[in-house]
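Below, each chain spelled out in residue letters.
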Amino acid sequence: MITVTSPIEKQLKIISKEIEDVQDYPMGKLRDIIKEVGFECDFCARCCTREFNDHVFLLTADVIRIQEIASDYLEPAPYYELCDQHGRFYVSGYALKVKEDGSCIFLNERRCAIYEQRPIICRLYPYMLHREPDEDGNIDWRQIAGPGQHGCYHTEISDEESEDIALQIKSYETGYLKQVAEFFRKAEEYFKKNSLRHIQGVYDREMRKFNKGEEITVFVLFNGEFIEHRAKKQ
Ligand code: SF4
């Protein structure tokens, strides 16, 4: 008997493997890389702009915090995962809005207006685990922005600090992947219940319209529910 795997099931398998990979990533290696990179913020604020970072993806805990500060500063994260046959998009989370000049909505005179409550990813930057496999199928380390283009590098990082950053990286990456997995599980349920299906051709067509300035409908998964939004390219 041939078992047919749906695109969503395929995605769930990939994510579950990625979660294992992140959890298995050797702590010692991660600590060494953090110490070697030795990043220190020099308040240039470049990492808070689109020039260096495409968008600030928010985990659910971030969204709850930001909703209390300024709920209208949230928008559906870009790179929507699915599109149904009616041309409505679905995405696994929110991102922070940006101003016309491409800087984060919370950036004010090169300072973060919500520094103590900033999103988890802003606390960890530029330390990230790259989730795309290399030629041997292993997840690899990367920094989001090129060294030397912002901030200071090769500064002294203590053992305790590198351990703490390494733990936070693993926690963030796992949290992110679990959020995406939850999105695919809920989407599968929602699509079945409402006789919907993902169609790549419709996705591409609607994305072309969006890129030309047309408004689209995007459902964002938040707290187990799909929340409807209208979105327009900035
Ligand atoms: S929330 Fe703060 S730290 Fe994060 S990108 Fe915006 S201004 Fe920068």
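Everything that follows concerns the structure shown earlier in this document.
First things first, this report covers the structure right here in the doc. (Residues numbered from 1 in each chain as written. Predicted model: local features only at pLDDT ≥ 70, side-chain atom pairs only at ≥ 80, totals over all residues.)

### Description of the overall build of the chain
Piece 1. A tally of helices and strands in the chain yields six helices and 10 strands.
Piece 2. A globule of 234 residues ought to have a C-alpha radius of gyration of about 17 Å, and the chain, at 19 Å, matches this closely.
Piece 3. Here the C-alpha coordinates of the chain stretch approximately 55 × 50 × 30 Å along the principal axes.
Piece 4. Within the chain, the fraction of its 234 residues that count as buried is 24%.
Piece 5. The long-range fraction of contacts in the chain, counting pairs at least 24 apart against all pairs at least 6 apart in sequence, stands at 68%. (Helix = DSSP H or I, 4+ residues; strand = E, 2+ residues; numbered from the N terminus. Rg over C-alpha atoms; globule rule 2.2 N^0.38 Å. Buried ≥ 20, exposed ≤ 12 C-beta atoms within 10 Å, placed from the backbone. Contact = placed C-beta atoms within 7 Å.)

### Section: the packing of helix 2 (residues 27-37) against helix 5 (residues 159-193)
Piece 1. Axis separation between helix 2 and helix 5 bottoms out at 9 Å; the angle between their running directions is 115°. As for the relative orientation of helix 2 and helix 5, their crossing is right-handed in sense. On the side of helix 2, the interface is formed by Met27, Leu30, Arg31, Ile34 and Lys35, while helix 5 contributes Ser162, Glu163, Ile165, Ala166 and Ile169.
Piece 2. Broken down by class, the residue content of the contact of helix 2 with helix 5 amounts to six nonpolar, one polar and three charged. (Axes fitted to C-alpha atoms, helices over the stretch in contact; angles between N-to-C directions. Left-handed = near helix turned anticlockwise from the far one by under 90°. Nonpolar A, V, L, I, M, F, W, Y, C, P; charged D, E, K, R; others polar.)

### Notes on the site of the ligand
Piece 1. Surrounding the ligand, one finds Cys48, Val56, Leu96, Cys104, Phe106, Leu107, Cys112, Ile114, Arg118, Pro119 and Cys122.
Piece 2. A class-by-class count of the residues in the shell around the ligand yields 10 nonpolar, no polar and one charged. (Near = placed C-beta within 6 Å.)

### Quick word on the environment of Ser6
Piece 1. With respect to the secondary-structure elements, Ser6 resides in the segment before helix 1 (7-24).
Piece 2. Ser6 sits 118 residues away from Leu124 along the chain, and the two C-alpha atoms are 35 Å apart.

### Some thoughts on helix 2
Piece 1. Of the positions making up helix 2, those classed as buried are Leu30, Ile34 and Val37. For helix 2, the arc enclosing every buried residue in end-on projection is 70°, short of the 170-degree limit, so these residues lie on one face. Opposite the buried face of helix 2, at more than 90 degrees from it, the exposed residues are Gly28, Lys29 and Glu36.
Piece 2. Directly after helix 2, the chain includes Gly38, whose backbone phi takes a positive value near 50°. (Arc of directions from axis to C-beta.)

### Regarding the pairing of strand 9 (residues 216-222)
Regular strands place their side chains on alternate faces of the sheet.
Piece 1. Pairing of strand 3 (residues 89-91) with strand 9, which is carried by three bridges, proceeds in the parallel orientation. Bridge pairing in strand 9 links Val91 to Val220.
Piece 2. Count of turn residues in the strand 9/strand 10 (residues 225-231) antiparallel hairpin: two residues, of which Asn223 carries a positive phi of about 50°. (Pairing = 2+ DSSP bridges.)

### Overview of the sheet that holds strand 3
Piece 1. Taken in spatial order, the four strands line up as 2-3-9-10 in an open sheet, and their pairing is mixed. What marks the edges here is a single partner per strand, and that holds for strand 2 (82-83) and strand 10.
Piece 2. Pairing between strand 9 and strand 10: seven bridges, direction antiparallel. Considered in strand 10, the bridge of Phe222 is made with Glu225.

### Observations regarding the environment of Ser158
Piece 1. Mapped onto the fold, Ser158 is located in the loop between strand 8 (139-143) and helix 5.
Piece 2. Put simply, Ser158 and Arg31 are 127 residues apart on the chain and 9.9 Å apart in space, counted from C-alpha to C-alpha.

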